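Here is what each chain is made of, one letter per residue.
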Amino acid sequence: MKEQLDQIFSRHHGTRDALIPVLQDIQAEYGYLPPEAMEAAARFCRVAPVEVYGVSTFYAQFKFSPVGRNLVMVCQGTACHVMGGARVLEEVQSRLGIRPGQTTADGRFTLETVACIGACALAPAMVVNKDTFGRVKPEKIMEMLNGSGS
Amino acid sequence: MGAEASKSKPDIGHQVLVCRGTGCESQKANLIYSNLQDEVRKHGLTGLVEVKFTGCHGLCQMGPTVVIMPAGTFYCNVQPEDVSEIVEADLMNGGHVERLLFVDPKSKEKVFDYRDMKFFNPQRRIVLRNCGFVNPEDIDDYISVGGYEGIRKALRMSQVDVINEVKKSGLRGRGGGGFPTGMKWEFCHRSPGDQKYLICNADEGDPGAFMDRAVLEGDPHSVLEGMMIAGYAIGATKAYIYCRAEYPMAYERSLIAIEQATDRGYLGKNIFDSGFDFEIKLKLGAGAFVCGEETALMASIEGKRGMPNPRPPFPAVKGLFGKPTNINNVETFANIPVVMTKGGDWFASVGTERSKGTKVFALAGKINYSGLVEIPMGTPLKEIIEEIGGGIPNKRKFKAAQTGGPSGGCIPASHFETPMDYENLTQIGSIMGSGGLIVTDETTCMVDMARFFLTFTQKESCGKCVPCRLGTKKMLEILQDICAGRANMRDFNQLMELAEDIKGGSLCGLGQTAPNPVLSTIRYFRDEYEAHIINRECPARVCVDLIKFEVNEENCKMCGACFKACPAEAVTWVKKQPAVIDKDKCIKCRSCILACKYHAID
């Protein structure tokens, strides 16, 4: 881990304002923020570890446990709400048997909700990894999940 | 649009514009683009036909879209396998692929030139002037349509003259506040300080607004140019774009734009030999709605929790890293190059007396054509919905339009003619906000809508001040009780009291505006609240706890739509008989209610 972290740190200045970008890079590398990496980030940005914890828990983006191989994000924005986004979420939850923030037992899927992905014209929308799906029909959800990712 | 943006190159016969905004890209626009390049090469059209990818045209509903210029042929819902037909029929033989043309919903006639479409025709594109026409990843394309002329002109003027020009334009902040941009710049310009900062707020957090995303994805250089002009005017040499984490494509294209502008020497030391230094850094947000608030945004850039601070001191005096700072939003910056090249007077000639220029609205929800529309300030809501948006689908009735997202309110049918500008919207209890415009019809429950927004603001409240932290929670609990049929009128009165207290007592805009959706729905749809509380009924049949899931035999037209829609086989129906719902099998998914056109399920 040290080598990877050093490589991440080499792209930043070790100052306070680099903290969030450093954490973002760590998460891009590991999929979440491992505790050792957060401590290393604290030393690098010269802040107390508790500060790193405080900042990272404030933002919705940061995760503290490993995520599944595929990230499913169901949009719950206004347009999606009006167009049936809650139904889509219910269906994904029941199909995968997990709630937002959880990962399936086989480690294949992590489910998250997102406040708006700005694809309002395609509502209801969901994102699987990097693929955006628009006008999602609840009955087509398994197809989308099976079709993308590993 | 069009005339201001498309500059045809004489040596090229056709331009094929492939939209690769988030909407179209999600439907394989990348494949359409590469197929077009292959087909053009295969048919020996290289050099005669230019295939170009662009940002969003705005009509996301009909995506993926391909536009052939200069004819203006607009192909909708294009699939990758349609490409060879487009190349052969249109580009080689001068015809059209008729089945892909847009069909006017009223006249049922095919439209050959997008400029004749009711969606585009009434629009006036200033902010979106280049979106859909320039390649957002090519600085030369932006330059070819007059890009970076505004900053060149500004650098020949004094800082004060630039500010005066912006003041003259009457441009007001497009992020939601509506504060006059020129005045904001003047404060920061006059504020003493060795280092000043400029920030572009691209943390477009309002669910339902996506114009800033579209501008950064479709025309990022116009934002950079706007920022350069602002930086010069106020004397800021360092700038940040704070972009939402949920917009990876906007981030990517902004990054490319900054790199290209830096390579050209448009950013960096001594830009355009003026002696003015200017650099832009891109910061990626980490998912916190409150960071759209300017003091919270600055805390986030500094690497802290994104919590707001009391003002004064205002950012113009003590902002980022304690230095004078000016913050404007993406759409505001995208207007600036035009204000410089065409002049403040020209800009002020568009719009109403106190709201100048245009506004981009993100039109979505229960509307036939959702997408981005840019209209002169003062255009009536009715025209946006009925003409540009093509009306409400499925012959349902317009109920209300929600503007300003979780900080805004709704505009009911009784105000359908309201000219959309800052003053009018405030007067009827809504706000311009960042420009989200969500259309609802009779199947939308306004209490549920208010609950939806409070769920959002309660979750996004940063927790710093008590009225917002606890007040939004209590309000949400009451709203949940109302939707579940557990509330009484005393709770309802408490809801209104809380709303006023939170409005007056919260530290930042998030809390101060969080009660707006509740107050505004109560103002116009009090009867719906009362139906939930007194009659234990949800008139729109949205709040599941209040729906009986019984067929109303008087209204039932025996069409069987509910039978076909039910995924749980809970509906029995035989022809010429009213349907029956088996409550043991019913999973309360509301599919039958959505399918029923006759309001026959109670």
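Below or above, wherever it landed, is the structure these notes cover.

Cut-offs used in this document
- Residues numbered from 1 in each chain as written.
- Chains lettered and ligands numbered in written order.
- Predicted model: local features only at pLDDT ≥ 70, side-chain atom pairs only at ≥ 80, totals over all residues.
- Heavy atoms only, no water.
- Helix = DSSP H or I, 4+ residues; strand = E, 2+ residues; numbered from the N terminus.
- Rg over C-alpha atoms; globule rule 2.2 N^0.38 Å.
- Buried < 20%, exposed > 50% of the residue type's maximum accessible area, 1.4 Å probe, protein only.
- Contact = heavy atoms within 4.5 Å.
- Areas by Shrake-Rupley, 256 points an atom, 1.4 Å probe, with all protein chains shown as cover.
- Axes fitted to C-alpha atoms, helices over the stretch in contact; angles between N-to-C directions.
- Parallel < 35°, antiparallel > 145°, perpendicular 65-115°, else oblique.
- Left-handed = near helix turned anticlockwise from the far one by under 90°.
- Nonpolar A, V, L, I, M, F, W, Y, C, P; charged D, E, K, R; others polar.
- Salt bridge = Lys/Arg side-chain N within 4 Å of Asp/Glu carboxyl O.
- Buried area = accessible area lost by both parts, 1.4 Å probe.
- Polar contact = N/O pair within 3.5 Å; in protein donor to acceptor, adjacent residues only side chain to side chain.
- Patch = residues over 30% accessible without salt bridge, like charges linked within 9 Å, V, L, I, M, F, W, Y side chains within 5 Å.
- Pairing = 2+ DSSP bridges.

When you go through chain B residue by residue, the secondary structure sums to 22 helices and 17 strands. For chain B, the C-alpha radius of gyration of 26 Å lies close to 25 Å, the compact-globule estimate for 602 residues. Referenced to the eigenvectors of the C-alpha coordinate spread, the extents of chain B come out at roughly 80 × 65 × 40 Å. A burial count over chain B gives 60% of its 602 residues as buried. For chain B, contacts bridging at least 24 residues in sequence account for 71% of all contacts bridging at least 6. When the accessible surface of chain B is summed, it comes to about 22,900 Å², and 49% of that surface belongs to carbon and sulfur atoms.

Below, the discussion takes up the packing of helix 1 (residues 2-9) of chain A against helix 2 (residues 19-30) of chain A. If you want to describe how two helices pack, look at the angle between their axes and the distance between the axes. Residue and element names in this part refer to chain A. For the pair helix 1 and helix 2, the least separation of the axes is 10 Å and the interaxial angle reads 140°. In terms of axis orientation, helix 1 runs oblique to helix 2. In terms of crossing hand, the pair formed by helix 1 and helix 2 is right-handed. From helix 1, Q4, L5, I8 and F9 reach across to helix 2, where they touch V22, D25, I26, E29 and Y30. For the contact of helix 1 with helix 2, the class distribution of residues is six nonpolar, one polar and two charged.

Now for the pattern of salt bridges. This structure, assessed with the given rule, holds 41 salt bridges over all chains. The partner of E137(B) in a salt bridge is R253(B), with the nearest N and O atoms 3.4 Å apart. One end of the pair, E137(B), is in the loop between strand 6 (110-111) and helix 4 (139-144); the other, R253(B), is in helix 10 (residues 248-264), with 116 residues separating them in the sequence. You can call E137(B) partly exposed: its relative accessible area is 29%. Measuring nitrogen to oxygen at the nearest pair gives 2.8 Å for the salt bridge that ties R541(B) to D602(B). Of this pair, R541(B) sits in the loop between helix 20 (516-533) and helix 21 (561-565) while D602(B) sits in the segment after helix 22 (591-595), and the two are 61 residues apart along the sequence. One salt-bridge network, in which partners are shared between bridges, spans R87(A), E91(A) and R95(A).

The subject of this paragraph is the side chain of T444(B). With respect to the helices and strands, the residue T444(B) is situated in the loop between strand 15 (436-441) and helix 16 (446-460). Of the residues examined, T444(B) reaches a relative accessible area of 7% and is grouped as buried. Once residues within four sequence positions are removed from consideration, T444(B) is found in contact with V82(A), K366(B), K399(B), M449(B), A540(B) and V542(B).

In this complex, chain A contributes 34 residues to the contact, which on the side of chain B involves 53 residues. At the boundary of chain A with chain B, total buried surface from both sides reaches about 3,200 Å², with 59% on carbon and sulfur atoms. Connecting chain A to chain B are zero salt bridges. The interface formed by chain A and chain B includes 16 residue pairs in polar contact (both at pLDDT 80 or more). Of all the secondary structure elements, the ones that give two or more residues to the side of chain A that touches chain B are helix 2, helix 4 (49-58), helix 5 (78-82) and strand 2 (109-114) of chain A. Split into classes, the residues belonging to the side of chain A that touches chain B amount to 19 nonpolar, 11 polar and four charged.

Okay, a nonpolar patch on the surface next. A cluster of nonpolar residues, F179(B), M183(B) and F187(B), forms a patch on the protein surface that exposes about 280 Å² of accessible area. Examined against the element boundaries, M183(B) turns out to sit in helix 7 (residues 181-190).

So, about the sheet that holds strand 9 (residues 279-284) of chain B. All names here are of chain B. Taken together, the four strands give an open sheet; going across it, the order is 9-8-7-10, and neighbouring strands pair in parallel fashion. A strand with exactly one partner marks an edge of an open sheet, and here the two such strands are strand 9 and strand 10 (325-329). Pairs of neighbouring strands in the sheet enclose a mean axial angle of 20°, with direction left out of account. Here strand 7 (residues 197-202) runs beside strand 10; their pairing, made up of five bridges, is parallel. Among the inter-strand pairings, N201 is bridged to a residue of strand 10, identified as N329. The sheet contacts of helix 10 involve strand 8 (238-243) and strand 9, and relative to strand 9 the element is tilted by about 160°. The strands that helix 12 (residues 330-342) touches are strand 7 and strand 10; relative to strand 10, the one it contacts most, it runs at about 90°.

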